[in-house]
Amino acid sequence: MTKKMEKMNNKRDFLAEIIKDSDNIVFFGGAGVSTKSGIPDFRSADGLFSSKYKYPPEVMLSHTFFMNHTEDFYHFYREKMIYRDARPNKAHIKLAELEQEGKLKAVVTQNIDGLHQLAGSKNVLELHGSVHRNYCMKCRKRYSLDYILDTQGIPRCECKGIIKPDVVLYEESLDNHVLFKSISYISNADVLIVGGTSLNVYPAAGLVDYYNGDKLVLINKSETPMDYKANLIIHDSIDEVLGDI
Ligand code: CNA
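Remember, it's a predicted structure, so these values are computed and weren't measured experimentally. (Residues numbered from 1 in each chain as written. Predicted model: local features only at pLDDT ≥ 70, side-chain atom pairs only at ≥ 80, totals over all residues. Heavy atoms only, no water.)

**Quick look at the environment of Leu149**
Inspection of the secondary structure puts Leu149 in helix H8 (residues 145–150). The spatial distance from the C-alpha of Leu149 to the C-alpha of Arg84 is 8.9 Å, given a sequence separation of 65 residues. If near-sequence neighbours (up to four positions away) are discounted, Leu149 is found in contact with Arg78, Ile82 and Arg84. (Helix = DSSP H or I, 4+ residues; strand = E, 2+ residues; numbered from the N terminus. Contact = heavy atoms within 4.5 Å.)

As structure tokens, this is what we get:
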């Protein structure tokens, strides 16, 4: 792999060749995939974690905070976590095309924005849930994102129960079915492309360890704690890198 890479003119050509040669690619991504669509990530300089709020974002996005300060949670959530008008960028679109061509088997994402599906991806494993699904904590009735955005304060079900977004908050565990399916795709992948994630949030970040192959591609603007594991590292914008292929 390394020798082959030395012969290639640049990393992007090498990535193009890896993609051309495989029909078993899995993509694992995070918030950086959607920044070009106008949705801020957590850990970039202009990300949510560098903004000043009354409570840190990790606290406001925790299960305890949701239960004890539901109205404050919804204030932050509606203002900072939901971007109804966001559209897929070149990264989402390329990944959907690769799936349609039969080359990419699954998108495993930490994102909750639904942009992969909007771009046309069919097999999307949402490790942290989705802002598009919401349910009553009392009777389990389902509600749309529009319902959450078009109400004020705490959104209530017709049975008066509190509606909760189907997103995995801090302190909550991941859906086992989604997690095991993700592990299965990643452990059987020929190529694993990891992108737009700081690989800081566990257990999601630990999924990289299930990859068994020798074509681990990491595309991220900044360094990650798993750069040393990658066979090909591109520190650049994922929308440009994937869009150019
Ligand atoms: P993160 O910790 O904020 O890391 C994002 C990473 O992406 C950083 O390392 C950036 O350097 C990098 N990055 C930013 N823009 C680009 C780009 N255009 N091209 C390449 N790299 C880029 O986010 P993670 O996803 O790693 O952390 C997981 C959290 C963030 C999950 O729980 C998500 O639910 C949560 N989140 C999701 C969204 C969303 O759904 N769009 C938005 C904000 C946060």
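That was the structure; now back to the text.
**Observations concerning the packing of aromatic side chains**
Within this structure, the stated rule accounts for eight aromatic pairs. Ring geometry for Tyr55 against Phe65: centres 5.0 Å apart, planes inclined by 65 degrees, an arrangement best described as edge-to-face. Of this pair, Tyr55 sits in the loop between strand S1 (25–29) and helix H3 (57–60) while Phe65 sits in helix H4 (residues 63–68); the two residues are 10 residues apart in sequence, bridging distant segments of the chain. By relative accessible area, which is 26% here, Tyr55 ends up partly exposed. A centroid spacing of 5.2 Å and a plane angle of 20 degrees characterise the contact between Phe73 and Tyr77, whose relative ring orientation is stacked. Within this pair, Phe73 and its partner Tyr77 are both found in helix H5 (residues 70–81), separated by four residues, close to a single helical turn. Looking at Phe73, the relative accessible area reads 0%, which means it is buried. Given a relative accessible area of 1%, Tyr77 falls into the buried group. By way of ring pairs, the aromatic residues Phe66, Phe73, Tyr74 and Tyr77 are connected into one cluster. (Phe/Tyr/Trp six-rings, centres within 6.5 Å; stacked < 30°, edge-to-face > 60°. Buried < 20%, exposed > 50% of the residue type's maximum accessible area, 1.4 Å probe, protein only.)

**Some words on the sheet that holds strand S6 (residues 163–167)**
Taken in spatial order, the three strands make up an open sheet running S5-S4-S6, and their pairing is antiparallel. This sheet does not close on itself; its edge strands, each paired only once, are strand S5 (142–143) and S6. Across the sheet, H5 touches strand S4 (129–136) and S6, and the angle it forms with S6 is around 45 degrees. (Pairing = 2+ DSSP bridges. Axes fitted to C-alpha atoms, helices over the stretch in contact; angles between N-to-C directions.)

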